[in-house]
Amino acid sequence: MSKGALSLVLLLGTVNAACARAAQTPAHPAAAEPNGAGASSGAPPQMWRSKASRRFTGQLVLADETLYGGGMDRKVVAVDLATGQQRWTSRLGGIIGGGVVVRGDTVFAATTRPEGRVSALEGKNGRRVWRTTTGPVNAPLALIGTTLVVENQKGEVFALNAATGDIRWRRKLGVARIPAVAGDSGTLIVATTDSLFRINVTGGKIVHRAGSPGAVVAPWIRHGGLLIGGTTDSLVVAVAPDSLTTRWQVALDAPVLSSPASVGDTVFAVSRRGSLYRIIPGQPPEAERVAELDWPVTAPVSVVDGLVLLGGADGTLRALRTDGTEAWRLQLRWPVEVGVLTLPDGMVAVGGDGDLHRYGR
């Protein structure tokens, strides 16, 4: 990785650390607010809002009409989707790195310092099922089959039995910032800062290794059978999961530090400086800059009802049409770092102070 890319990664970490020092406000019950404070004309109606955490560290997960998330306040929370009321909270021994993963009636979360453990909690009440020491974890967990994949800050990858927490295998690969993803033929793919690895899920054997097309610091998306991600070298890249080869890449005007989104045959990606691009994959790919914004984008790109949603460092969630014009905006707490959670009848938006907002259509 180049010195410039490394500096950008370190800068990103510094910005996130500064955000973590934002003042905590006490939790309060959900409140209905049909018109939505700070909403522009045309914005969706707000059904409820609530304060559920200090600051969520990863994407929320919806299961059985319950929202699950983990935050800077060391708590895993469960929130009722219908009302916004908190169902339960479970405090762990460290800051929760990378949000949570849910499978069936179990919620999995990992902590950074000082604890450095992975915990499994009962989805109905938050009680601990098991806990395993792995060392501090910042990267999101991944659940592949019955294996929970954990990437710690020391560059080690653990494969845990999701039912018991037992360690199936561990490997030293290098520091990874994004979750592992499923490959083919019983493999998983891990992206470190300088390499891509395809690993056998069962025994941890490295099947294939390739150089990384750049440091990818936000989770991959899948599009057309390929893994799509952005790099600190200002690229959007498409990688074949079977061979780990780069099928195509396109340069944007600044580092790409958030996940793209795809609709049909189109990929939407945004650079750190706030430029939104519409990308048509191909040989070569076609990239068109459709909007130049005057604020940094800090959340993954989301697409809801044909609109591209971008969360910013200023706490504003903006909805842009595919031609780059603004359709509406909503004011949340700053910064917006988590993508919206789409629902059949609307969406849940997440502010930077653990504030949740459910909107209808």
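For the structure itself, look to the data block above.
Residues numbered from 1 in each chain as written. Predicted model: local features only at pLDDT ≥ 70, side-chain atom pairs only at ≥ 80, totals over all residues. Heavy atoms only, no water.

1. What to know about the sheet that holds strand β13 (residues 167-172)
Note: strands within a sheet are paired through backbone hydrogen bonds, in either parallel or antiparallel orientation.
Reasoning step 1: Pairing within the open sheet is antiparallel, and its four strands lie in the order β10-β11-β12-β13. For this open sheet the edge positions go to β10 (142-144) and β13, each flanked by a neighbour on one side alone. Direction aside, neighbouring strands of the sheet carry axes that sit 20 degrees apart on average.
Reasoning step 2: Pairing of strand β12 (residues 156-161) with β13, which is carried by five bridges, proceeds in the antiparallel orientation. Bridge pairing in β13 links Val157 to Arg171. (Pairing = 2+ DSSP bridges. Helix = DSSP H or I, 4+ residues; strand = E, 2+ residues; numbered from the N terminus. Axes fitted to C-alpha atoms, helices over the stretch in contact; angles between N-to-C directions.)

2. Remarks on unusual backbone geometry
Reasoning step 1: Going from Arg113 to Pro114, the amide bond is cis rather than trans, its omega being 5 degrees.
Reasoning step 2: Mapped onto the elements of the fold, Pro114 is located in the loop between β7 (106-111) and β8 (117-122).
Reasoning step 3: Residue Pro335 is reached from Trp334 by a cis peptide bond, and omega for that bond is -15 degrees.
Reasoning step 4: With respect to the secondary-structure elements, Pro335 resides in the loop between β29 (326-331) and β30 (341-343).
Reasoning step 5: Phi is positive for Asp305, close to 55 degrees, though the residue is something other than glycine.
Reasoning step 6: As for its position among the elements, Asp305 is in the loop between β26 (302-304) and β27 (307-311).
Reasoning step 7: What makes Asp305 exposed here is its relative accessible area of 57%. (Buried < 20%, exposed > 50% of the residue type's maximum accessible area, 1.4 Å probe, protein only.)

3. A few points about the pattern of salt bridges
Reasoning step 1: Taken as a whole and judged by the stated rule, the model has 14 salt bridges.
Reasoning step 2: The residue Arg273 makes a salt bridge to Asp253 at a minimum N-O spacing of 3.7 Å. Taken together, the residues span a long stretch of sequence, with Arg273 in the loop between β23 (266-270) and β24 (275-280) and Asp253 in the loop between β21 (246-251) and β22 (261-263) at a distance of 20 residues.
Reasoning step 3: The salt bridge partner of Arg289 is Glu292, with a shortest N-O separation of 3.7 Å.
Reasoning step 4: Residue Glu292 is classed as exposed on the basis of its relative accessible area, which comes to 58%.
Reasoning step 5: Each of Asp253, Arg273, Arg289 and Glu292 takes part in a single network of salt bridges with overlapping partners. (Salt bridge = Lys/Arg side-chain N within 4 Å of Asp/Glu carboxyl O.)

4. What about the packing of aromatic side chains?
Reasoning step 1: Taken as a whole and assessed by the stated rule, the structure comprises two aromatic pairs.
Reasoning step 2: Each ring, one from Tyr68 and one from Trp88, has its centre 6.1 Å from the other, and the planes form 45 degrees; the classification is tilted. Remark: Trp88 occurs in strand β5 (residues 86-91) and Tyr68 occurs in strand β3 (residues 66-70); sequence separation between them is 20 residues. In this pair, the class of Tyr68 matches that of Trp88, namely buried. (Phe/Tyr/Trp six-rings, centres within 6.5 Å; stacked < 30°, edge-to-face > 60°.)

5. Some words on the sheet that holds strand β16 (residues 195-200)
Reasoning step 1: Here four strands make up an open sheet; going across it, the order is β14-β15-β16-β17 and the pairing antiparallel. Of all strands in the sheet, those with a lone pairing partner are β14 (181-182) and β17 (206-211), marking the two edges.
Reasoning step 2: Direction of pairing for strand β15 (residues 187-191) relative to β16: antiparallel, over a ladder of five bridges. Residue pairing in the sheet places Ile189 in a bridge with Arg198 of β16.

6. Considering the pairing of β23
Reasoning step 1: By the criterion of burial, β23 is predominantly enclosed, with five of the five residues buried.
Reasoning step 2: For β22 and β23, the ladder comprises three bridges, and the chain directions are antiparallel. Following the sheet pairing, Ser262 is matched in β23 by Val267.
Reasoning step 3: Where β22 hands over to β23, the hairpin turn is made up of two residues, of which Gly264 adopts a positive phi near 60 degrees.
Reasoning step 4: Note that β23 and β24 share four bridges and pair antiparallel.

7. As for the nonpolar core
Reasoning step 1: Membership of the largest hydrophobic core comes to 16 residues, with the highest contact counts inside it found for Leu309, Leu317, Trp328, Leu330, Val340 and Met347.
Reasoning step 2: Elements supplying a minimum of two residues to this core: β27, β28 (316-320), β29 and β31 (346-350).
Reasoning step 3: Here the element with the most residues in this core is β29; it accounts for three residues.
Reasoning step 4: Contact partners of Trp328, with chain neighbours within four places excluded, come to Ser40, Ser41, Gly42, Ala43, Pro44, Leu307, Leu309, Leu317, Arg318, Ala319 and Met347. (Core = buried A, V, L, I, M, F, W, Y, C linked by side-chain atoms within 4.5 Å. Contact = heavy atoms within 4.5 Å.)

Honestly, it's all geometry; don't read function into it.
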